[in-house]
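In case you want the letters, here they are:
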2 protein chains.
Amino acid sequence: MTTAADAPLSLPHSDATETLADLSEGAVLARIFPRLPTASAQLLGPGDDAAVISAPDGRFVVTTDMMIQGPDFRLAWSSPHDLGWKAAATNLSDVAAMGARPTALVVAIAAPPSTPVSVLEGLVDGLRDCCEALAPGCGVVGGDLSASDALTLAVTAFGDLEGRAPVLRSGARPGDTVALSGRLGDAGIGLELLFRLGVDSNGVPDRARANALKLTHPTEVAAQLTPVPPIASGPIAALGGATAMLDVSDGLAIDAGRIARASGVGIDFDSRCLGERIEVALGGGEDHGLLATFAPDTVLPPDFRRLGTVVAVSGSSWGTITVDGAPHDQGGWDPYRGWDGAAG
Amino acid sequence: MTTAADAPLSLPHSDATETLADLSEGAVLARIFPRLPTASAQLLGPGDDAAVISAPDGRFVVTTDMMIQGPDFRLAWSSPHDLGWKAAATNLSDVAAMGARPTALVVAIAAPPSTPVSVLEGLVDGLRDCCEALAPGCGVVGGDLSASDALTLAVTAFGDLEGRAPVLRSGARPGDTVALSGRLGDAGIGLELLFRLGVDSNGVPDRARANALKLTHPTEVAAQLTPVPPIASGPIAALGGATAMLDVSDGLAIDAGRIARASGVGIDFDSRCLGERIEVALGGGEDHGLLATFAPDTVLPPDFRRLGTVVAVSGSSWGTITVDGAPHDQGGWDPYRGWDGAAG
């Protein structure tokens, strides 16, 4: 992805165009390892059969997520740094949603042999910068490199509960306040803009048009391509008495429905708390905010704002989402139905 | 992959031909979850943002590995059950190579929407059966489902050191005995047979010819497609005083070289211990045995047999491999150079 024009003038041209096929796996790793962020919890890092991570409270939190070129990202829209950033951010957010502090990542990367080494360097730099910005002390402790036709990242993230109980989806109780840390709708708008205006006349993702959108709609496009989930809010919510919590990844209504279903309740949103774009707030995906519930007498932690209330419903209505008491129909994203390969 | 003839007669035909695109992600997960093996160490399993695993000694071991249709496996040769088995086995072996007991896996799977649900069920059954056979108590605690063009499995495995120090690659000392638990060469022969005879006249992997090979060369083909690494030997070696250990994945000579380089020594193999096919024993890949070193006065644990001796060499020769004192040239597998996409 790096062209000669992008490369620092002091680097020989060959460095910028070297591909994975030009180097041995060991040589690629030697280029990547020094760029990896070190985890404070790392007892043994990359280079052996496995890593060893400290888990001081005798438990660890783990989540995994795979991102694939085509269904999950397009290289015309996302830089390698963007991809590394987003792969880290989305996994860190799942750890934070348990009330845990992220401690470490392992990262498996598969790429075509023709991939410039600079793409992998960009990915790793994105992983590092995201960890440093959103979860200081969290680092990459190991990984795997493979060959593939489509660039693929599989990140597994770990967290430390620091002695606390994990905050599950199932703990919401009628009367609890429903609150959010993070933004609503921007990421969904960003994706809609990219699909509508970030493509050429044949509908193929186009770098120049995406770059133009980054200038005209910086907030929305950045929310989609380089999300900044409120990682620190997870442990804060746990300390502040959150009864349930999750990462809002598939849209507020769907994800609130998950808390409601797991808890055997309904959730009623207050339309005055959802902003002027209510449908966007409820339906936009990939917000990566933290949605939590708190007992009615709890003072909300500073990062959280009230969106609604947990309500009692009969068993057949568990999971119902209403807005000002009126039913809300949840649409939704499904990976096997929603992927348009042609637009990938 | 499942045909009507394979399916139990009591199942309606539609069940055997249902694809991922026919079902929502939730419905696919509902089909998969009951088949997952439960981990004894699981404190919170699938269904929330992340899982919680117990780490009784305050640390955990972690390794990750990705397998991709084409470079890493061919559906004409491997059944879904084979793939699940191998994905678990190779990761469990990396955990065992640290001297740890495997406790849990997380598994990210990406598949084309046209994939029959029965393929995912077969994968999961293979993961389960491998865990139950090789690492009782180890289970799958979480995962991720995505869409892709090529079937992709990313497994991350965890282990418990049970209070022991991890066995690193770097602990071999001159005079130590070099020993192996597991077989040498069969998996490499199996792969060579499959590439030479398991293909049609155009070199395309062929199911019928591979099935014929499974009858004529069952040991070699099974060693390649469904390896049975000696997982229990890892903790046993650690308890028995192993000074260094690794999983033999890229061939004995290359992997012995890794121990030797990390330890600042050389390794001399005794040709009488390498069997009649010395080059196969030294060069075959994917053996997934455990290669370990033990102080000279140590009684080898019962699963291990002596292969040679750790020798002192000057700094510029660290990592040197010799056979009966004569230099051995290490070839090697590299994921970005060794992959022939046309043969995938």
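Just so we're clear, the structure is a prediction, and the values are computed from it rather than from any experiment.

The rules behind the values
Residues numbered from 1 in each chain as written. Chains lettered and ligands numbered in written order. Predicted model: local features only at pLDDT ≥ 70, side-chain atom pairs only at ≥ 80, totals over all residues. Heavy atoms only, no water. Pairing = 2+ DSSP bridges. Helix = DSSP H or I, 4+ residues; strand = E, 2+ residues; numbered from the N terminus. Contact = heavy atoms within 4.5 Å. Buried area = accessible area lost by both parts, 1.4 Å probe. Salt bridge = Lys/Arg side-chain N within 4 Å of Asp/Glu carboxyl O. UniProt positions renumbered as here; feature names shortened; annotations may be inferred. Polar contact = N/O pair within 3.5 Å; in protein donor to acceptor, adjacent residues only side chain to side chain. Expected span 1.5 Å × (residues − 1). Buried < 20%, exposed > 50% of the residue type's maximum accessible area, 1.4 Å probe, protein only. Least-squares fit on C-alpha atoms with pLDDT ≥ 70 in both. Axes fitted to C-alpha atoms, helices over the stretch in contact; angles between N-to-C directions. Parallel < 35°, antiparallel > 145°, perpendicular 65-115°, else oblique. Left-handed = near helix turned anticlockwise from the far one by under 90°. 1 Å grid on protein atoms, 1.4 Å probe; cavity = no way out; pocket = protein on both sides within 12 Å on 5 of 7 lines; lining within 4 Å. Points joined across faces, edges and corners; volume = space filled by probe spheres on them. Nonpolar A, V, L, I, M, F, W, Y, C, P; charged D, E, K, R; others polar. Domains from an automatic or database assignment.

Asker: Explain the sheet that holds strand β12 (residues 321-323) of chain B to me, please; I cannot follow it from the model alone.
Answerer: All names here are of chain B. Spatially, β8-β10-β7-β11-β9-β12-β13 is the arrangement adopted by the 7 strands of the open sheet, whose pairing is mixed. The sheet is open, and its two borders are formed by β8 (242-247) and β13 (326-327), each paired with just one other strand. Direction of pairing for strand β7 (residues 177-181) relative to strand β10 (residues 290-294): antiparallel, over a ladder of 5 bridges. Residue alanine 179 lies in a different strand from β10, and its bridge partner there is alanine 292.

Asker: Just checking my understanding: could you explain the interface of chain A and chain B for this structure?
Answerer: By a widely used convention, the size of an interface equals the accessible area lost when the partners come together. At the junction of the two partners, chain A supplies 65 residues and chain B supplies 65 residues. Both sides of the chain A and chain B interface together cover about 5100 Å² of buried area, and 62% of this is carbon and sulfur. The interface formed by chain A and chain B includes 4 salt bridges. Here arginine 169 of chain A and aspartate 48 of chain B are joined by a salt bridge, their closest N and O atoms 3.6 Å apart. Contributions of two or more residues to the side of chain A that touches chain B are made by β1 (42-44), β2 (51-54), β3 (59-68), β4 (101-111), β5 (139-147), β6 (152-160) and β8 (242-247) of chain A. Top element by residues in the side of chain A that touches chain B is β3 of chain A. It accounts for 9 residues.

Asker: Where do I start with the UniProt feature "binding site: substrate" (unreviewed entry) in chain A in this structure?
Answerer: Residue and element names in this part refer to chain A. The sites that carry the UniProt feature "binding site: substrate" (unreviewed entry) are, in the present numbering, Asp72, Glu286 and Trp333. Positionally, glutamate 286 belongs in the loop between α10 (278-283) and β10 (290-294). If sequence neighbours within four positions are ignored, glutamate 286 has contacts with Lys86, Ala187, Leu191, Ala223, Gln224, Val248, Ser249 and Asp250. At a separation of 2.8 Å, a polar atom in the side chain of glutamate 286 contacts the side chain of lysine 86.

Asker: When you look at helix α4 (residues 117-134) of chain A in this model, what are you seeing that I'm missing?
Answerer: Note on helix geometry: an α-helix contains 3.6 residues per turn, so any two residues three or four positions apart are oriented the same way. Between its first and last C-alpha atoms α4 of chain A spans 26 Å; for 18 residues at 1.5 Å apiece the expected length is 26 Å, and the two agree. Of all 18 residues that make up α4 of chain A, 14 are buried, and the element is covered over most of its length.

Asker: Help me out: how do you make sense of the relation of the copies chain A and chain B in this one?
Answerer: Think of it as a corkscrew move, a rotation about one axis and a shift along it, taking one chain copy to the other. Screw-axis analysis of chain A against chain B gives a translation of 0.0 Å along the axis, an RMSD of 0.0 Å, and a rotation angle of 180 degrees. The superposition operator between the copies reduces to a two-fold rotation axis. For chain A, the smallest separation between a C-alpha atom and the rotation axis is recorded for glycine 58 of chain A, amounting to 2.4 Å. Both copies contact each other with a shared surface, as 100% of the interface residues of chain A are interface residues in chain B too.

Asker: Sorry if this is basic, but what is going on with the packing of helix α3 (residues 80-96) of chain A against α4 of chain A here?
Answerer: When two helices pack together, their arrangement is given by the angle between the helix axes and the distance between those axes. Residue and element names in this part refer to chain A. One way to put it is that α3 packs onto α4 with a least axis distance of 6 Å and a crossing angle of 40 degrees. The orientation of α3 relative to α4 falls into the category oblique. Crossing hand, α3 versus α4: right-handed. When α3 is examined against α4, the residues Pro80, His81, Leu83, Gly84, Trp85, Ala87, Ala88, Ala89 and Leu92 are found in contact with a partner set consisting of Val119, Gly122, Leu123, Asp125, Gly126, Leu127, Asp129, Cys130, Cys131, Ala133 and Leu134.

Asker: What should I look at first to understand empty space enclosed by the protein in this one?
Answerer: Over the atoms rolls a probe the size of a water molecule, and its path tells where empty space is left. Residue and element names in this part refer to chain B. One pass over the structure, following the stated rule, counts 1 cavity of 30 Å³ or more. Within this model, the largest cavity holds a volume of roughly 90 Å³. Lining the largest cavity are Met67, Asp72, Phe73, Arg74, Trp77, Ser78, Asp82, Leu83, Lys86, Leu191, Gln224 and Leu225. Put simply, the parts of the chain that give the lining of the largest cavity at least two residues each are α3 (80-96) and α7 (218-225). At 3 residues, α3 tops the list of elements feeding residues into the lining of the largest cavity. Looking at side-chain class alone, the lining of the largest cavity contains 6 nonpolar, 2 polar and 4 charged residues.

Asker: What is the right way to look at the domain arrangement of chain A in this model?
Answerer: Residue and element names in this part refer to chain A. We note that the domain assignment places domain 1 (13-160) and domain 2 (177-182 + 229-327) within chain A. The distance between the C-alpha centroids of domain 1 and domain 2 comes to 30 Å. If you look at the interface, domain 1 gives 15 residues, while domain 2 gives 11 residues. Of all residues in domain 1, Ser93, Ala97 and Leu134 give up the largest surface area on contact with domain 2, accounting jointly for 42% of the area buried on that side. Scanning the region where domain 1 abuts domain 2 turns up 1 salt bridge. Across the salt bridge formed by lysine 86 and glutamate 286, the nearest N and O atoms sit 2.8 Å from each other. The tally of links between domain 1 and domain 2 comes to 2 residue pairs in polar contact (both at pLDDT 80 or more). Those elements that provide at least two residues to the side of domain 1 that touches domain 2 are α3 and β4.

Asker: What am I meant to see in the UniProt feature "domain: PurM-like C-terminal" (unreviewed entry) in chain A here?
Answerer: Mapped onto the present numbering, the UniProt feature "domain: PurM-like C-terminal" (unreviewed entry) falls at residues 173-277 of chain A. Spanning residues 173-277 of chain A, this segment combines 47% helix with 14% strand, and its end C-alpha atoms are found 28 Å apart.

Asker: I would appreciate a short explanation of the sheet that holds β6 of chain A in the present structure.
Answerer: Across a sheet, strands are paired by hydrogen bonds formed along the backbone, either parallel or antiparallel in direction. Here 6 strands make up an open sheet; going across it, the order is β5(A)-β4(A)-β6(A)-β3(A)-β2(B)-β1(B) and the pairing mixed. Since the sheet does not close on itself, it has two edges, and those belong to β5 of chain A together with β1 (42-44) of chain B, each with one partner. Each strand axis lies, on average, 25 degrees off the axis of its neighbour in the sheet, ignoring direction. Direction of pairing for β4 of chain A relative to β6 of chain A: antiparallel, over a ladder of 9 bridges. Bridging from a neighbouring strand, leucine 105 of chain A pairs with alanine 157 of chain A of β6 of chain A. Each of β4, β5 and β6 of chain A touches α4 of chain A; the most contacted strand, β4 of chain A, lies at about 170 degrees to it.

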